[in-house]
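Single-letter residue listing:
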Amino acid sequence: MTLTEKISDFIEKRKPILEDWKHTFFLWKRTKLAIIGTVIVIVFVLVAIIGPFLIPYDPLSQNMSERLQPPSLRHFFGTDQFGRDIFSRVISGAMIEVEIIIIVSIISGGIGLILGVIAGYFGGAIDEILMRATDMFLAFPSLILAMAFAAMLGPSLINTIIAISLVGWTVFARLARAEAMKVKTQPYIEAIKALGASKTRIISIHVTPMCVSPVLVQLTLRMGTVILTAASLGFLGLGVRPPLPEWGAMVSDGRSFLLDQWWISTFPGIAIAIVVLGFNLLGDGLRDIMDPRLRR
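Residues numbered from 1 in each chain as written. Predicted model: local features only at pLDDT ≥ 70, side-chain atom pairs only at ≥ 80, totals over all residues. Heavy atoms only, no water.

Below, the discussion takes up the side chain of S265. Tracing the sequence through the fold places S265 in helix α11 (residues 263–289). Assessed through its relative accessible area of 8%, S265 is described here as buried. For S265, the side chain forms a polar contact with the main-chain oxygen of V251, separated by 2.8 Å. The contacts of S265, once residues within four sequence positions are left out, are M250, V251, G254, R255 and L258. (Helix = DSSP H or I, 4+ residues; strand = E, 2+ residues; numbered from the N terminus. Buried < 20%, exposed > 50% of the residue type's maximum accessible area, 1.4 Å probe, protein only. Polar contact = N/O pair within 3.5 Å; in protein donor to acceptor, adjacent residues only side chain to side chain. Contact = heavy atoms within 4.5 Å.)

In this section: empty space enclosed by the protein. Applying the stated rule across the entire model yields two cavities of 30 Å³ or more. Of the pockets and cavities examined, the largest cavity occupies roughly 130 Å³. I164, G168, R222, T225 and V226 are, among the 14 residues lining the largest cavity, the residues nearest its centre. Contributions of two or more residues to the lining of the largest cavity are made by α4 (86–122), α7 (157–183) and α9 (199–235). The biggest single contributor to the lining of the largest cavity is α9, with six residues. A class-by-class count of the residues in the lining of the largest cavity yields seven nonpolar, six polar and one charged. Considered as a void within the structure, the second largest cavity measures approximately 40 Å³ in volume. (1 Å grid on protein atoms, 1.4 Å probe; cavity = no way out; pocket = protein on both sides within 12 Å on 5 of 7 lines; lining within 4 Å. Points joined across faces, edges and corners; volume = space filled by probe spheres on them. Nonpolar A, V, L, I, M, F, W, Y, C, P; charged D, E, K, R; others polar.)

Time to look at unusual backbone geometry. Between P242 and P243 the backbone carries a cis peptide bond, its omega angle lying at 10°. Within the secondary structure, P243 is located in the loop between α9 and α10 (247–253).

Moving on: α7. Helix length check: α7 (27 residues) gives 38 Å between terminal C-alpha atoms against 39 Å at 1.5 Å per residue, within 8%. Of all the bends in α7, the largest measures some 30° and sits at L166. (Expected span 1.5 Å × (residues − 1). Bend = angle between axes of the 7 residues up to and from the residue.)

This paragraph deals with the pattern of salt bridges. Tallied over the full model, the rule gives seven salt bridges. Taking the shortest distance from any N to any O, the salt bridge between R177 and D127 comes out at 2.7 Å. Remark: D127 occurs in helix α5 (residues 124–138) and R177 occurs in helix α7; sequence separation between them is 50 residues. Each member of the pair, R177 as well as D127, is classed as buried. Ionic pairing is found between D135 and R132, a salt bridge with its closest N-O pair at 2.8 Å. Highlighted residues: D135 and R132, both in helix α5, separated by three residues, approximately one helical turn. Looking at D135, the relative accessible area reads 26%, which means it is partly exposed. Relative accessible area serves as the criterion here: at 39%, R132 is assigned to the partly exposed category. Several salt bridges share partner residues, and in doing so they unite E128, R132, D135 and R174 into one network. (Salt bridge = Lys/Arg side-chain N within 4 Å of Asp/Glu carboxyl O.)

With that out of the way, let us pick up the packing of aromatic side chains. A complete count under the given rule lists nine aromatic pairs for this structure. Consider the rings of F76 and F87, whose centres lie 5.3 Å apart with planes at 85°: the pair is edge-to-face. Separated by eleven residues along the polypeptide, F76 in the loop between α3 (32–50) and α4 and F87 in helix α4 bring together distant segments of the chain. Note on F77 and F267: the rings are 4.1 Å apart at their centroids and 5° apart in plane angle, and the pair reads as stacked. With a gap of 190 residues between them, F77 in the loop between α3 and α4 and F267 in helix α11 connect regions that are remote in the sequence. Residue classification places F267 among the buried residues on the basis of a relative accessible area of 18%. (Phe/Tyr/Trp six-rings, centres within 6.5 Å; stacked < 30°, edge-to-face > 60°.)

Looking at the element boundaries, E66 is found in the loop between α3 and α4. Owing to a relative accessible area of 16%, E66 belongs among the buried residues under this scheme. Every residue in contact with E66, bar those within four places of it in the chain, is listed here: R74, H75, T79 and G83.

Structure representation (structure tokens):
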């Protein structure tokens, strides 16, 4: 078989998948808010990746002779009470936010997916135990619970990620449980059982992949909440330790100077608002695209 024939055969076998992706792209183009959210998120990620190589000043370097300078051509976003360039700190802080989002999403999404699938597939006592544990976490406001964990663990980047992850898995667990309960009743699952497949194989290969899609959509919707929670912990002094340029801590740094040196808190706050808006728009767009009624 020639190379051209191999490529043609490869494309032919995957034609249904390619058609589905093509239809998804078509629906994405029709959803204006999803496009706006995608652009914001892409710009945010690019800033986090390449921004630290392009910033004009060291985000941690103090220069007391230039403290509290207003926005200018020399300092685009002005300087803070320690003479640090706020523009450089906002750009550098994007990488910290990306780290928090990615790691929290992996940990909380993974925990929620695994526990939800196990609860939904087995049911009975296992379902009751796992769901009652989930209800215990849901009984408290997520921010208050994250504050409690962060205060217990101490302020640091790692502890912030752990605290947010420990309170964020519950939504994904309930979502995965509902999907697993629906999937396990499908005829093909009964056929696989009849063939003698083990429960571990059924859960890992046939049930869990069917539960991933709604969890991913919910993860995208929750990424904005992750940023807000991290910023809230930083604002309260329970998050990332200074002098790391975390956006919430930067907003907190400018509280005492808000009336006269408004730029210290304003620009990090604007960054938080734009990124959270972008993730919310992208999540809403993905939810609409994944709607079976729109995909017909």
